[in-house]
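# Inside the fold
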Amino acid sequence: MPIQLNTPVLQVQNLSISYGEFQAVKSVSFVVNTGEIFGLLGPNGAGKTSTLSAIEGLLKPDAGKIVIADYDIKEKPLQARANVGVQFQSTGFQSELSVTEIIRLFAGIYAVEMDKPKTDKLLSAIKLEAEANKRFGQLSGGQQQRVSLAIAMIHNPLLLLLDEPTTGLDPQSRRQLWERMENLREKGHGVLLTTHSMEEAEAVCDRIAIIDHGKILSIDTPEAIIQNNKDNPEVIKASRKGKITLEDVFIGLTGTAIRS
Amino acid sequence: MCLLGSPGLQFAHKNSTMENKIPSTNSAISTLLQADFRTQWRNRRAVIMIIIVPVFILISWKGLVEKYGGAFALSNAITIGLTAIGLMGYSNAIARDRDKGVFQRLRVAPVPAWTIMMSRLAVQLTLIMITTTAVFVAGFYYDKISLDMSGYILGLLAAFAGGAMYLGLGQAIAGMINNAETVNSTTRLVYFFFIMIGMFGGLGVLGKEIGELVKWSPYGTVAHILASSMKPSTWDMESTMSLLLTAGYATIFSSMGIKWFKWSSAR
């Protein structure tokens, strides 16, 4: 039976996160549906990573509710996590373990049966058959990224969280990753990704949220966001080629100051 | 299972029959243990250093065995091994994995966080057992040190108690310091300090006052309970005090380590 499309797979309601006196996320709310790629865009320090960390269960929010596949992460954290796949910016595996051993480790902790044919099939899908017994630390950056995505998807999660997944990838690898994301969307998975790349957001995201200073400034499809903000004087000022782009809207809404 | 999609996967509502599963705690621990033992095994050079240094010191101390007794030599050699496990092995491993994001990757999986640390500690306890056994064997074959069976068993138990204290100290250092390289250099310094002051202070080479300080230091108390456990007939009030102090140090260091430990150095 296919995944039911357009059903909320992630619901974030009034999420607030502080670090001491500093409020990083201020009452943020959004929904990611099945069969949707949702992009969270914002400059450095806008609150993207904090929001993502709270969804991953790595950070305890001050207030708000996060529901993943009908499981409140406070009440049923393990059930919620069982339905989420996560790909971090840093790959995060023991460099001493081989690719096959990493696959077995994560298959075990996600309760996925993984015999040799299944492992081979997975290795073939990420085109790492020849590197099966290579240690993770010996792989190239692109190969490590592929292992990371395979592990994020090893349990077929309904929701996939990708934290700046194409950072550092060459154009070929980036395109390949976009195709994989689109493929997941077609199968009905929900994808939440953070990115600094407006090109990426426009190319793959069905909806995006622009976040800054812990607040969502705009949330809609990329086209609608451009349309709704095209007459904003700050956006027009940010425009460089006459035609308003998503980047112009982003700069117009978040300012030109460089963030640390 | 399919990387690029999920034919047959149903939306994981609570009533769904195809919901993603949560592993049993036993299964999760078993999987983590396999990976952690494998990782430790791949770091053989570090393991060999942890085992070889105390054995080498024991063998080179042959002359002192007659002067101070076999239990004294064994206890000091094991204490050096325990110091290396807690300070050089464990703390550096957790600081390095934290830096790489290994813990964060495991924590987003549907396993309780305590299973991740328990697996790590189980590997270290095994290492304590192997080091202690290696020292006993080396003592028997090279220095002809023979203990009663109760001495070996109680000695091993005392090694676990002392090891817990040093693992706690390693955890505290990794808790206080976020950067893996700083943890590495700090633990090396503390290790060197403990070994030099502990060993020579315990022998009385550094004077009476330092000797007294060393006796009640983490190094001295662990060495003392080890020596007394290996010869149970010599267990006295001072041994009990050393045991209590070891437990106290272990509690303080572990509490500091747990309180200050951050799973990630990045966020």
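This is a predicted model, so every value here is computed, not measured. Here the residue numbers are simple positions, counted from 1 along each chain's written sequence. The lettering of chains begins at A and the numbering of ligands begins at 1, in the order of writing. Local features are withheld for residues below a pLDDT of 70 in this predicted model, meaning they are given only at 70 or higher, and side-chain atom pairs are given and counted only at 80 or more; totals for whole chains, interfaces and linings count all residues. Based on all heavy atoms of the structure, the side-chain values leave hydrogens and waters out of the count.

### Observations concerning unusual backbone geometry
Even without being glycine, Asp 70 of chain A reaches a positive phi, approximately 75 degrees. When you line up the elements, Asp 70 of chain A lands in the loop between strand 4 (63-68) and strand 5 (71-72). Only protein chains enter the area calculation, which uses a 1.4 Å probe; residues under 20% of their type maximum are buried, those over 50% are exposed, and those in between are partly exposed. On the basis of relative accessible area, Asp 70 of chain A is assigned to the partly exposed category, the value being 28%. Phi at Lys 144 of chain B takes a positive value of approximately 55 degrees, unusual for a residue other than glycine. Starting at the N terminus, helices and strands are each numbered in turn, a helix being any DSSP run of H or I of at least four residues and a strand any DSSP run of E of at least two. Turning to its location among the elements, Lys 144 of chain B is positioned in the loop between helix 6 (113-142) and helix 7 (149-176).

### As for the interface of chain A and chain B
The contact criterion used is simple: two residues touch if any of their non-hydrogen atoms lie within 4.5 Å. At the interface, 64 residues of chain A touch 44 residues of chain B. A 1.4 Å probe defines the accessible area here, and the buried area is the portion of it lost by two parts on being joined, summed over both. Across the chain A to chain B interface the summed buried area is about 4,800 Å²; carbon plus sulfur atoms make up 59%. The term salt bridge refers to a pairing of a side-chain nitrogen on Lys or Arg with a carboxyl oxygen on Asp or Glu at a separation within 4 Å. Across the chain A-chain B interface, the total number found is three salt bridges. Among the salt bridges present, the one from Glu 101 of chain A reaches Arg 42 of chain B, with a minimum N-O distance of 2.8 Å. A 3.5 Å cut-off defines polar contacts: any pair of N or O atoms within that distance qualifies, except that in protein one atom must be a possible hydrogen donor and the other a possible acceptor, and neighbouring residues in sequence count only when both atoms are side-chain atoms. Between chain A and chain B we count 10 residue pairs in polar contact (both at pLDDT 80 or more) in total. Of all the secondary structure elements, the ones that give two or more residues to the side of chain A that touches chain B are strand 1 (8-19), helix 1 (48-56), helix 2 (77-82), helix 3 (99-109), helix 4 (116-125), helix 5 (141-152) and helix 6 (171-186) of chain A. Take the side of chain A that touches chain B: its biggest share by element is six residues, from helix 3 of chain A. Here the side of chain A that touches chain B is composed, by residue class, of 33 nonpolar, 19 polar and 12 charged. Just so you know the grouping, Ala, Val, Leu, Ile, Met, Phe, Trp, Tyr, Cys and Pro go in nonpolar, Asp, Glu, Lys and Arg go in charged, and all remaining residues, Gly too, go in polar.

### A word on the confidence of the model for chain B
Residues and elements named next belong to chain B. A residue's pLDDT is the predictor's confidence in that residue, given on a scale from 0 to 100. In the predicted model, chain B carries a mean pLDDT of 88, and the fraction of residues at 70 or more is 92%. Predicted confidence is poor over residues 1-18, with pLDDT under 50, and the contacts of this stretch with residues over four places away or in other chains come to 63 contacts. Confidence metrics for the complex model read pTM 0.85 and ipTM 0.87.

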